[in-house]
Amino acid sequence: MAEGVRLERSASSQTMDKSITLPPDEIFRNLENAKRFAIDIGGSLTKLAYYSTVQHKVAKVRSFDHSTREASSDKLYEISVQEEVTPRLHFIKFENAYIETCLDFIKHLVNTETKDIKATGGGAHKFKELIERKLGLKVDKEDEMTCLIKGCNFVLKNIPREAFVYAKHADSEFRFQTTQPDIFPYLLVNIGSGVSIVKVESEDSFERIGGTLPIGGGTFWGLQGLCSPKPRFDELLQLASRGQHTSVDMLVKDIYGGSYASLGLTGDLIASSFGKSATADREFSKEDMSKSLLHMISNDIGQLACLYAKLHNLSRVYFGGFFRGHPVTMHTITYSINFFTKGEVQALFLRHEGYLGAIGAFLKGAEKDNPNQYSWGENYAGSSGLLSVSPDINPMQRARSGTFDMLEMDRLERQLVNLPLLQEPSSYVPDTVDLTEDALAREYWLDCFEEALDGVVKRAVASQPDLPEAAERAQKFRQKYRHKLQTLRHQPFAYGSLTVRSLLDTREHCLNEFNFPDPYSKIKQRENDVALRFYLKTVVSLEQLSWEQRQLALVSGLLAGNVFDWGAKAVSDVLESDPEFGFEEAKRQLEERPWLVDTYEQWLQRLKGLPHKCALFFVDNSGVDIILGVMPFVRELLLRGTEVVLASNSGPALNDVTNGELQILTERIAAMDPVIQAGLRDDRLTLVQSGSSSPCLDLSRLDKVLAMVVRERQTDLVVIEGMGRAIHTNYYARFSCESLKMAVIKNSWLADRLGGKLFSVVFKYEPAE
């Protein structure tokens, strides 16, 4: 970066900090690699979008050729760290008052290959000359409504828990919704200076079916401006939040002395906005008048949205635009929708609604790259969270109504889709517990992850012993992740539903941010090498048992293997202190039957029937788990005549086995075991990437290739193994085929919560529904 740019940023940092709460060096990340720009300029906020390529490290494994003398005799594979390039989308929001400062900064970093910038919003006309003069780029204006719809479709498809219902008086104000497999049709109510109501039927088919051009956000701002010269919009929303509208509004009970039961009107309903001001001989506070005005406009918008939703038989209505997720407006609109439709229509709000236009404008400029043919994922390390609606919760942050300051999304290597075997994809929820709604669980897990931070830092540094700067990067990781945890203590809804899965994924994102792609790589390598030495002995001992004894031994072995989980503190403490801790010791740790959840007898009876056509097995840990637990179980299925699809992580997470590692392990096992060898040769044993890089499992975001294989093989059994995949997620998942969920509980708090103890067993067989 040029010296002049650094000086300019330093000179403007005080000004920019007024509108952007993140540290200045994080505001425009990777801008030197930016390839394409788009900008959405509204009445008060500017949203800048750009595409960049980010270099980061990835861990790769490569099998040694054991037929050569040069190959290492005691290691199965070698590990290398390579540089890869990932496309990333950046979206930044700031106030229009600072647009020149921001343009002055980014003009030095605009790539010389960039010739134009896509622009939308009313300000695209107002600031056209300024942008062209500052950046030296041609402004290519795009239709505002088209951009808005494109952006809305994009976030609904790519960001789980994007939409939420606002419930003011509930324990959790924000109730995030399951991502729908098919997002269409829906109604979008865009609240700008006026209001536009758009029916969206497909990716490219939408129609403006109505609106209120005279009344909208501009009405609120304009009328308030008559009382307060040149007020800022956010200040007015904060003013309204402190007011009491009942001081100004005439209610039903003010006219009738109570409710009007025969018409179904409660006493607290507003009969006339500003009704008391006509007769009261006194002054009204600005706060009260502002609240009354906000209620009046929000109620009108809500009622109008109801009428259009019912007219077009739509149950999903998304609101976005001028009010930017302010709690008063969300509550009023929600109340209005519920009142007029008796709950038949849902008022939904979007976490990233402030960026819809910028996203759409960017997509218009990137159509030749087909961005919609990929799946994208929110990068928790780089994105800001949904800000607290209460200034009392986090007084260190400037109180405002905006939802995000920054959003970053990474392009994923593969398209992600629903698992075809889900019973009801539209109601599927991967997570067992929503920590935003369970305060005790939230407190425990946030403490748990913070206490584990030192261990993660230690593991990250140890994974890169030859890099002296690793310790410094690890401390930066610690600072970043701890800050995320502190944010989530104050704002548990910051990234949608707070779950154990999201805490784990955020940690993985932060580790990758500081180039720790696989802190457990060497541990996995060592444990895989050791476990392979005992594979044949394990198989031989199983073959000596009677059929019924062998079935229980296979299940017990799989459960014992699942004990070897470095993500569980109780286990990692044992493995750290006793590296010789082995398979037989793990078996002795398991609780005796009957297990905490025990449907083993039903499973045994099922095995006495016809074999399954094909089993989809989501595997968990490396080492003992996959080699001595899973593979003998898979071997038995193959011998029964069942095809097996093994689904493993696409990328590393904790000590979970990755697809690259599993390919090598399976080939080595096949060289020892003719049953596994025949399965691979006859294409009856297939290894497929899951599309995930998480210790947990979201069955609504799986590799499209895996979904295709599942259909082609007519899969009739799903097996999910591990605490992260079968308890933290998918414990209540329902399938259209038989399912088997197995895990050992390695967390004493969770065991107590479920009515068990440490190393309790969950064995949950469920017939097809």
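Residues numbered from 1 in each chain as written. Predicted model: local features only at pLDDT ≥ 70, side-chain atom pairs only at ≥ 80, totals over all residues. Heavy atoms only, no water.

Let's shift gears to the overall build of the protein. Helix and strand counts for the protein come out as 28 helices and 25 strands. Here the C-alpha atoms of the protein give a radius of gyration of 29 Å, agreeing with the 27 Å that 2.2 N^0.38 yields for 769 residues. Among the 769 residues that make up the protein, the fraction classed as buried is 58%. Here the analysis covers contacts within the protein between residues at least 6 apart in sequence; of these, 73% occur between residues at least 24 apart. When the accessible area of the protein is evaluated, it comes to approximately 32200 Å², of which 49% is carbon and sulfur surface. Placing the 90 positive and 103 negative side-chain charges of the protein at their respective mean positions leaves the two points 2 Å apart. (Helix = DSSP H or I, 4+ residues; strand = E, 2+ residues; numbered from the N terminus. Rg over C-alpha atoms; globule rule 2.2 N^0.38 Å. Buried < 20%, exposed > 50% of the residue type's maximum accessible area, 1.4 Å probe, protein only. Contact = heavy atoms within 4.5 Å. Areas by Shrake-Rupley, 256 points an atom, 1.4 Å probe, with all protein chains shown as cover. Lys, Arg positive; Asp, Glu negative; His and termini not counted. Charge placed at Lys NZ, Arg CZ, Asp CG, Glu CD.)

The domain boundaries assigned to the protein delineate domain 1 (34-63 + 75-155 + 357-390 + 397-411), domain 2 (163-248 + 284-350), domain 3 (422-514) and domain 4 (539-766). Taking only C-alpha atoms, the centre of domain 1 and the centre of domain 4 are 41 Å apart. Counting residues at the interface gives seven residues for domain 1 and six residues for domain 4. Here domain 1 packs against domain 4, burying approximately 570 Å² in sum over the two surfaces, 73% of which is carbon and sulfur. Summed over the three residues of domain 1 that lose the most area to domain 4, namely Val61, Leu76 and Tyr77, the buried surface amounts to 69% of that side. Taken together, the connections running from domain 1 to domain 4 amount to zero salt bridges. Counting residues per element, the ones that place at least two in the side of domain 1 that touches domain 4 are strand S2 (45-63) and strand S15 (376-378). Here the element with the most residues in the side of domain 1 that touches domain 4 is S2; it accounts for three residues. Residues that form the side of domain 1 that touches domain 4 fall into these classes: four nonpolar, two polar and one charged. (Domains from an automatic or database assignment. Buried area = accessible area lost by both parts, 1.4 Å probe. Salt bridge = Lys/Arg side-chain N within 4 Å of Asp/Glu carboxyl O. Nonpolar A, V, L, I, M, F, W, Y, C, P; charged D, E, K, R; others polar.)

It is worth spelling out the sheet that holds strand S24 (residues 738-744) at this point. On the basis of which strands lie adjacent, the open sheet formed by seven strands has the order S18-S25-S24-S23-S19-S20-S21 and mixed pairing. Two strands bound the open sheet, and with one partner strand each, they are strand S18 (597-598) and strand S21 (685-689). Looking at chain direction, strand S23 (residues 717-721) and S24 are connected through five bridges and run parallel. Bridge pairing links Glu721 to Met742 in S24. The sheet contacts of helix H19 (residues 547-561) involve strand S19 (614-618), S23, S24 and strand S25 (761-766), and relative to S24 the element is tilted by about 50 degrees. Helix H23 (residues 624-640) contacts S19, strand S20 (643-648), S21, S23 and S24 of the sheet and is inclined by roughly 155 degrees relative to S20. (Pairing = 2+ DSSP bridges. Axes fitted to C-alpha atoms, helices over the stretch in contact; angles between N-to-C directions.)

Turning to the packing of aromatic side chains, a few remarks are in order. On inspection of all chains with the given rule, the structure shows 31 aromatic pairs. Taking the centre distance of 5.8 Å and the plane angle of 65 degrees together, the rings of Tyr600 and Phe763 count as edge-to-face. With Tyr600 in helix H22 (residues 600-607) and Phe763 in strand S25, this residue pair connects regions lying 163 residues apart in the sequence. Overall, Phe763 belongs to the buried group, its relative accessible area being 0%. Clustering of aromatic rings is evident, with ring pairs tying together Phe164, Tyr166, Phe174, Phe176, Phe319, Phe349 and Phe493. Just above the ring of Phe516 sits the side chain of Arg473; from NZ or CZ to the centre is 4.7 Å. Over the face of the ring belonging to Trp595 we find Arg593, whose NZ or CZ atom lies 5.3 Å from the ring centre. (Phe/Tyr/Trp six-rings, centres within 6.5 Å; stacked < 30°, edge-to-face > 60°. Lys NZ or Arg CZ within 6 Å of the ring centre and 35° of its normal.)

So, about the packing of helix H13 (residues 439-451) against helix H16 (residues 500-513). In the contact formed by H13 and H16, the axes pass within 11 Å of each other and the chain directions differ by 25 degrees. One way to sum up the angle between H13 and H16 is to call them roughly parallel. For the element pair H13 and H16, the recorded crossing hand is right-handed. Where H13 approaches H16, its residues Trp445, Leu446 and Phe449 are matched on the opposing element by Val500, Leu503, Leu504 and Arg507. Its residues placed into classes, the contact of H13 with H16 shows six nonpolar, no polar and one charged. (Parallel < 35°, antiparallel > 145°, perpendicular 65-115°, else oblique. Left-handed = near helix turned anticlockwise from the far one by under 90°.)

This brings us to helix H20 (residues 569-577). Within the sequence span of H20, burial applies to Val571, Ser572 and Leu575. Viewed end-on, H20 has its buried residues packed into an arc of 95 degrees, placing them on one side of the element. Facing away from the buried side of H20 by over 90 degrees, the exposed positions are Lys569 and Ser577. Contacts made by the buried residues of H20 are with helix H17 (521-532). (Arc of directions from axis to C-beta.)

With that settled, the discussion passes to the environment of Lys476. You can see Lys476 is positioned in helix H15 (residues 470-490). Linking Lys476 and Val457, residues 19 residues apart in sequence, is a C-alpha distance of 9.7 Å.

Time to look at the packing of H19 against H22. Close contact between H19 and H22 brings their axes to 11 Å; oriented N to C, the two are set at 130 degrees. One finds that H19 runs oblique with respect to H22. In terms of crossing hand, the pair formed by H19 and H22 is right-handed. Along the contact surface, H19 presents Trp547, Glu548, Gln551, Leu552 and Val555, while H22 presents Tyr600, Trp603, Leu604 and Leu607. For the contact of H19 with H22, the per-class residue count stands at seven nonpolar, one polar and one charged.

Our next topic: the nonpolar core. With 123 residues, the main nonpolar core has Leu503, Trp603, Phe618, Leu646, Leu699, Phe735 and Phe763 as its most contacted residues. Ignoring sequence-local partners within four residues, the contact set of Phe763 consists of Val555, Trp595, Val597, Asp598, Thr599, Tyr600, Trp603, Leu740, Lys741 and Met742. If you look at the next biggest cluster of nonpolar residues, it comprises 36 residues, including Leu89, Ile159, Phe184 and Leu363. (Core = buried A, V, L, I, M, F, W, Y, C linked by side-chain atoms within 4.5 Å.)

The end-to-end C-alpha distance of H16 is 20 Å, a good match for the 20 Å that 14 residues give at a rise of 1.5 Å each. Counting buried positions along H16 yields 11 of 14 residues, so the element is predominantly enclosed. Taken as a whole, H16 has its buried residues at Val500, Arg501, Ser502, Leu503, Leu504, Asp505, Thr506, Arg507, Glu508, Cys510 and Leu511. Those residues of H16 hidden inside the fold are in contact with H13, helix H14 (453-462), H15 and helix H27 (723-728). One or two positions beyond H16, positive phi appears at Asn515, with a value near 60 degrees. (Expected span 1.5 Å × (residues − 1).)

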